[in-house]
Amino acid sequence: GAGVSQSPSNKVTEKGKDVELRCDPISGHTALYWYRQSLGQGLEFLIYFQGNSAPDKSGLPSDRFSAERTGGSVSTLTIQRTQQEDSAVYLCASSPPSGTGDNQPQHFGDGTRLSIL
Amino acid sequence: LAKTTQPISMDSYEGQEVNITCSHNNIATNDYITWYQQFPSQGPRFIIQGYKTKVTNEVASLFIPADRKSSTLSLPRVSLSDTAVYYCLVGDIRYYGQNFVFGPGTRLSVLP
């Protein structure tokens, strides 16, 4: 089966432009996460979707960042009016439904490398 | 949130056993310990997860003492391809999301 898919794999854009990053989670996974990883650093949590519940947006660094998850599947992370400090790798992960009693690790995509010129 | 502390970097040689220890003094009753591996230009990949005592799979072993305030990831007979960053996370698996905090991890370099 396919894993978590992210597109584009690389994105270069000019400062001030808007960008959209896409994540296709594993089919059947109800939870979806976005993280940001700067060079040589750990992962910074951004936002978390769980089923039909309201998303946990507590990690979004500013109101220029937003994310949607349509139909409980595909998610889009949008960054408006990009700044150079937004340059990083944006990682998406998904997890299967909770409450099964099994270990439920996050499955990560390989990320989108965003470069703001 | 239970915070974790692990060495920033480690070096090893091919064929050796590598043990990476993670400290999590504030671990809560419902928290599990999860380890991830990350290669350059890839997302993290799940290695192993445990609650107490010892867990073993085809890739690694995880040793957790009775007080659960630390854990040790053991990689048997490492090869060059095990060069990666290893992350230790602690959290309640019923509530993912920001509950799981990725620190800087341990950068393992395996030398020939």
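Here we summarise the structure given alongside this text. Just so we're clear, the structure is a prediction, and the values are computed from it rather than from any experiment. (Residues numbered from 1 in each chain as written. Chains lettered and ligands numbered in written order. Predicted model: local features only at pLDDT ≥ 70, side-chain atom pairs only at ≥ 80, totals over all residues. Heavy atoms only, no water.)

This next bit is on the environment of B:G43. Position of B:G43 among the secondary structure elements: in the loop between β3 (32-38) and β4 (45-50). Here B:G43 falls in the buried class, since its relative accessible area comes to 8%. Look past the residues within four positions of B:G43 in its chain and what remains in contact with it is A:L91, A:F108, A:G109, A:D110, B:Q37 and B:Q38. (Helix = DSSP H or I, 4+ residues; strand = E, 2+ residues; numbered from the N terminus. Buried < 20%, exposed > 50% of the residue type's maximum accessible area, 1.4 Å probe, protein only. Contact = heavy atoms within 4.5 Å.)

Attention now moves to the interface of chain B and chain A. Each partner contributes to the interface: chain B provides 19 residues, whereas chain A provides 22 residues. Across the interface of chain B and chain A, roughly 1,600 Å² is buried in total on both sides, 51% from carbon and sulfur atoms. Counting across the chain B and chain A interface gives five residue pairs in polar contact (both at pLDDT 80 or more). Elements that contribute at least two residues to the side of chain B that touches chain A include exactly β3 and β4 of chain B. (Buried area = accessible area lost by both parts, 1.4 Å probe. Polar contact = N/O pair within 3.5 Å; in protein donor to acceptor, adjacent residues only side chain to side chain.)

This next bit is on the state of the cysteines. Two cysteines joined by a covalent bond between their sulfur atoms form a disulfide. All names here are of chain B. Here the structure, examined in full by the defined rule, presents two disulfides over all chains. One disulfide bridge connects C22 with C88, the sulfur atoms lying 2.2 Å from each other. Negative torsions about the S-S bond denote left-handed disulfides, and the value of about -80° found for C22 with C88 makes this one left-handed. Of this pair, C22 sits in strand β2 (residues 18-23) while C88 sits in strand β8 (residues 84-91), and the two are 66 residues apart along the sequence. This pair shows no difference in class: C22 is buried, exactly as C88 is. (Disulfide = S-S within 2.5 Å.)

Bringing unusual backbone geometry into the picture now. At the junction of A:S7 and A:P8, the peptide bond is cis and its omega measures out at -10° in the coordinates. Summarising the element assignment, A:P8 is placed in the loop between β1 (5-7) and β2 (10-13). Non-glycine residue B:R68 carries a positive phi angle of around 60°. Residue placement: B:R68 occurs in the loop between β6 (61-64) and β7 (70-75). For B:R77, which is not a glycine, the phi torsion comes out positive at approximately 45°. With respect to the secondary-structure elements, B:R77 resides in the loop between β7 and β8. By relative accessible area, B:R77 is classed as exposed at 65%.

Residues and elements named next belong to chain B. Burial analysis of β3 places six of its seven residues in the buried class, which makes it a mostly covered element. Here β3 runs beside β4; their pairing, made up of five bridges, is antiparallel. For T34, the partnering residue across the bridge sits in β4 and is Q49. In this antiparallel pair of consecutive strands, β3 and β4, the connection spans six residues, and S41 shows a positive phi of 65°. (Pairing = 2+ DSSP bridges.)

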